[in-house]
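The lines below spell out each chain.
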Amino acid sequence: MSRIVYVNGEFLPEDAACLSVFDRSVLFADAVYEVTAVVDGGMVDFDAHQQRLCRSLAELGIDFDPRAAGLLELHRELIRRNALNEGLVYLQVSRGVADRSFLQPTTCHPSVVLFTQTQSLLETAAAGTGLRVITQPDLRWHRRDIKTTQLLYPSMMKTLAVEQGADDVWMVEGGTVTEGSSSNAHIIRADGALVTRPTSPDILHGITRAAVLDYSRETGAAVIERPFTVAEAQQAREAFITSATAFVTPVVAVDGVAIGDGRPGPATHRIRSHYIQRSRERLQY
Ligand code: PLP
């Protein structure tokens, strides 16, 4: 069955949905996006995603007001039209359509695209087996806090990791881990403390990361926000990633070195279960 997607004011079958070749997202990746998880037909952390979208738009000077555009309603309607019970809603807002020029146009209207993707989020193979990551230098630009559609380098690195028999990449800069190809990276030290890189332009300010840190602090766990090295990760008791698409997923090896006993650990399992439980209590319909 073909999906129904939303493009610039219309709900259309995916084969009929079009974006201009002169859209700035096509020519310059001049666009931002958000991905919202859907569980039991309800959205996880929609408000936080909308807030981050506002920030990304403001940083790029794209004049678009998500509230005025009724983005919440559009999400709901797309979930309804696609009968999406579990999966993802992707939203992309570009600066709009204009003649190709490096000078950013001031008169174009933002293009808005939404589509759904059915995907198992609660029960995944990776949650059971854990991920093996390899490290690579982080060669992305230095505004990784803006969620732009400029995803070529992380896509290349994820592909390289899979070609090398791993599952994903952790990127490294100045001797410390920044983040995964599309996730935030965390470790649990031998003393049980959760160590994670603080927010800065070095990383995307993950919505799942923020929720996991809040929930962990609520349970009294020690949370230390500082960069960590690859060696620290390899010596950690456990490691995991967070994202809207992976929730909390264990990492069991970094560059071929097993983390702990090389199997997903109990703390990560607890954090994942707690995250899922709390998210389900707060679903937005
Ligand atoms: N870091 C990067 C580079 C990402 O692409 C993503 C998600 O796409 C994340 C972190 C996790 O962010 P969130 O938890 O908001 O999905």
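Note that the structure is a prediction, hence the values are computed from the model and not measured. (Residues numbered from 1 in each chain as written. Predicted model: local features only at pLDDT ≥ 70, side-chain atom pairs only at ≥ 80, totals over all residues. Heavy atoms only, no water.)

**Q** So what exactly am I meant to see when it comes to the packing of aromatic side chains here?
**A** Centre distance and the angle of the planes are the two values used to describe a pair of aromatic rings. By the definition in use, this model includes 6 aromatic pairs. Here the aromatic rings of Y6 and F11 are separated by 5.1 Å at their centres, their planes lie at 65°, and the arrangement is edge-to-face. A relative accessible area of 23% places F11 in the partly exposed class. Their ring planes at 45° and their centres at 6.2 Å tell us that Y215 and Y275 sit as a pair that is tilted. Taken together, the residues Y215 in helix 6 (residues 207-218) and Y275 in helix 8 (residues 266-281) connect sequence positions 60 residues apart. Judged by relative accessible area, which is 6%, Y215 ranks as buried. One aromatic cluster is present, built from ring pairs that chain together Y215, F247 and Y275. The cationic tip of R81 hangs over the ring face of F11; the distance from NZ or CZ to the ring centre is 4.2 Å. (Phe/Tyr/Trp six-rings, centres within 6.5 Å; stacked < 30°, edge-to-face > 60°. Buried < 20%, exposed > 50% of the residue type's maximum accessible area, 1.4 Å probe, protein only. Helix = DSSP H or I, 4+ residues; strand = E, 2+ residues; numbered from the N terminus. Lys NZ or Arg CZ within 6 Å of the ring centre and 35° of its normal.)

**Q** Honestly, the pairing of strand 1 (residues 4-7) in this entry has me stumped. Any pointers?
**A** Both faces of the sheet carry side chains from a regular strand, because those side chains alternate between them. Looking at chain direction, strand 1 and strand 2 (residues 10-13) are connected through 4 bridges and run antiparallel. Directly across from I4, in strand 2, lies its bridge partner P13. The turn linking strand 1 back onto strand 2 is made up of 2 residues, and N8 within it adopts a positive phi angle of 45°. Strand direction decides the pairing type here: strand 1 and strand 6 (residues 111-118), joined by 2 bridges, are antiparallel. Bridge assignment links V7 to a residue of strand 6, and that residue is V113. (Pairing = 2+ DSSP bridges.)

**Q** For this particular structure, what's the right way to read helix 2 (residues 46-60)?
**A** Working note: α-helix, 3.6 residues per turn, so residues spaced by three or four point in the same direction. Given a rise of 1.5 Å per residue, 15 residues ought to cover 21 Å, and the 21 Å separating the end C-alpha atoms of helix 2 matches this to within 8%. Lining the buried residues of helix 2 we find strand 3 (31-39), strand 4 (42-43), helix 3 (71-81), strand 5 (87-94) and helix 6. Positive phi shows up at G61, right after helix 2, with a value of about 65°. (Expected span 1.5 Å × (residues − 1). Contact = heavy atoms within 4.5 Å.)

**Q** Explanation requested: the nonpolar core in the structure shown.
**A** Burial of nonpolar side chains together is a common tendency in soluble globular proteins. Counting residues in hydrophobic clusters, the biggest one holds 24 residues, and the most contacted among them are V39, V212, F240, F247, I271 and Y275. L57, F64, V93 and V112 belong to the second largest nonpolar core, which has 21 residues in total. (Core = buried A, V, L, I, M, F, W, Y, C linked by side-chain atoms within 4.5 Å.)

**Q** Explain a nonpolar patch on the surface to me, please; I cannot follow it from the model alone.
**A** Nonpolar side chains collect at one region of the surface, where V21, F22 and V97 lie side by side and expose about 270 Å² of accessible area between them. The residue V97 is located in the loop between strand 5 and strand 6 in this model. (Patch = residues over 30% accessible without salt bridge, like charges linked within 9 Å, V, L, I, M, F, W, Y side chains within 5 Å. Areas by Shrake-Rupley, 256 points an atom, 1.4 Å probe, with all protein chains shown as cover. Salt bridge = Lys/Arg side-chain N within 4 Å of Asp/Glu carboxyl O.)

**Q** Please explain unusual backbone geometry as it appears in this structure.
**A** Leaving glycine out, the prevailing phi sign among residues is negative, and the prevailing peptide bond configuration is trans. Located in the positive-phi region is N8, a residue other than glycine, with phi close to 45°. Along the polypeptide, N8 turns up in the loop between strand 1 and strand 2. Positioned with a positive phi, D255 is a non-glycine residue whose angle comes to about 50°. Turning to its location among the elements, D255 is positioned in the loop between strand 14 (247-254) and strand 15 (257-258).

**Q** Can you walk me through the pairing of strand 14 in this structure?
**A** Most of strand 14 sits inside the fold, with 8 of its 8 residues counted as buried. Here strand 7 (residues 131-137) runs beside strand 14; their pairing, made up of 3 bridges, is parallel. Counted as the bridge partner of R132 is A253 from strand 14. Two strands pair when backbone bridges link them, and strand 13 (residues 238-243) and strand 14 are joined in this way by 5 bridges, in the antiparallel orientation. Paired with I241 across the strands is T249, a residue of strand 14. Here strand 13 folds back onto strand 14 in antiparallel fashion, the turn holding 3 residues. Bridging between strand 14 and strand 15 involves 2 bridges; their strand directions are antiparallel. Considered in strand 15, the bridge of A253 is made with A258. The antiparallel pairing of strand 14 with strand 15 creates a hairpin that spans 2 residues between the two strands, and D255 there sits at a positive phi of about 50°.

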